[in-house]
Amino acid sequence: MNNTFLNKLLDTNAGWGALALRIPVGIIFVAHGAQKLFGWFGGYGLEGTGQWLDSIGLSPGYLMALLAGGTEFLGGLALIVGLLVRPASAALAFAMLIAIFSVHFQNGLFMSNNGYEFALALLAASVSLLFCGAGHASVDRLATK
């Protein structure tokens, strides 16, 4: 892999604001991924999440649960430590687009109706980090300085 490509991938011009966004959003993604993967925090684990995903037409459900849970859990960890934040944010943004349009969109905006407002906020945070990078106090910043 070309060093210039790696530097562009890890480079960040963001300040401390990215850190303030990365940590809470990363924690939220880790928790939601842990629900899907391990059944933690009241989740259904891979088997239960996979069955539900099959029931809404996202098949094969087990594989989709593994992909969604893995993306959220590992992507959230990446945000927290500030490692490969741009690719992690791209994967998380894609996961939120799928969640919005396959699960929540038909219910309208508001969470009280299982709408897409929370997923939309996570999508916006992910896209913001995709554009600005990890910012201060990140492994990405240390790797490019």
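What comes next concerns the included structure. (Residues numbered from 1 in each chain as written. Predicted model: local features only at pLDDT ≥ 70, side-chain atom pairs only at ≥ 80, totals over all residues. Heavy atoms only, no water.)

### Overview of the side chain of His 104
Then, number 1: Among the secondary structure elements, His 104 is positioned in helix α5 (residues 85-104).
Then, number 2: Under the relative-accessibility criterion, His 104 is labelled buried at 16%.
Then, number 3: Of the polar contacts made by the side chain of His 104, one reaches the backbone oxygen of Gly 115; its length is 3.4 Å.
Then, number 4: Once residues within four sequence positions are removed from consideration, His 104 is found in contact with Ala 99, Asn 114, Gly 115, Tyr 116 and Ala 119. (Helix = DSSP H or I, 4+ residues; strand = E, 2+ residues; numbered from the N terminus. Buried < 20%, exposed > 50% of the residue type's maximum accessible area, 1.4 Å probe, protein only. Polar contact = N/O pair within 3.5 Å; in protein donor to acceptor, adjacent residues only side chain to side chain. Contact = heavy atoms within 4.5 Å.)

### Thoughts on the layout of surface pockets
Then, number 1: Of the pockets and cavities examined, the largest pocket occupies roughly 960 Å³.
Then, number 2: In this structure, the largest pocket is lined by 32 residues; those nearest its centre are Lys 36, Trp 52, Glu 72, Ala 99 and His 104.
Then, number 3: Elements with a contribution of two residues or more to the lining of the largest pocket: α2 (16-38), α3 (45-55), α4 (61-81), α5 and α6 (117-132).
Then, number 4: Here the lining of the largest pocket gets 9 residues from one element, more than from any other, and that element is α5.
Then, number 5: Residue classes in the lining of the largest pocket are distributed as 20 nonpolar, 10 polar and 2 charged. (1 Å grid on protein atoms, 1.4 Å probe; cavity = no way out; pocket = protein on both sides within 12 Å on 5 of 7 lines; lining within 4 Å. Points joined across faces, edges and corners; volume = space filled by probe spheres on them. Nonpolar A, V, L, I, M, F, W, Y, C, P; charged D, E, K, R; others polar.)

### Observations regarding α4
Helical geometry note: an α-helix holds 3.6 residues per turn, so side chains three or four residues apart project in the same direction.
Then, number 1: In this model α4 runs 30 Å from its N-terminal to its C-terminal C-alpha over 21 residues, within 8% of the 30 Å that 1.5 Å per residue would give.
Then, number 2: When α4 is considered as a whole, its buried residues turn out to be Gly 61, Ala 65, Gly 69, Gly 70, Glu 72, Phe 73, Gly 75, Gly 76, Ala 78 and Leu 79.
Then, number 3: Trailing α4 by a residue or two, Gly 82 shows a phi angle of about 80°, which is positive. (Expected span 1.5 Å × (residues − 1).)

### Some details on the pattern of salt bridges
Then, number 1: Going through the model one piece at a time under the given rule, you end up with 1 salt bridge.
Then, number 2: Among the ionic pairs, Lys 36 bridges to Glu 72, the shortest N-O distance being 2.9 Å. One end of the pair, Lys 36, is in helix α2; the other, Glu 72, is in helix α4, and 36 residues separate them in sequence. (Salt bridge = Lys/Arg side-chain N within 4 Å of Asp/Glu carboxyl O.)

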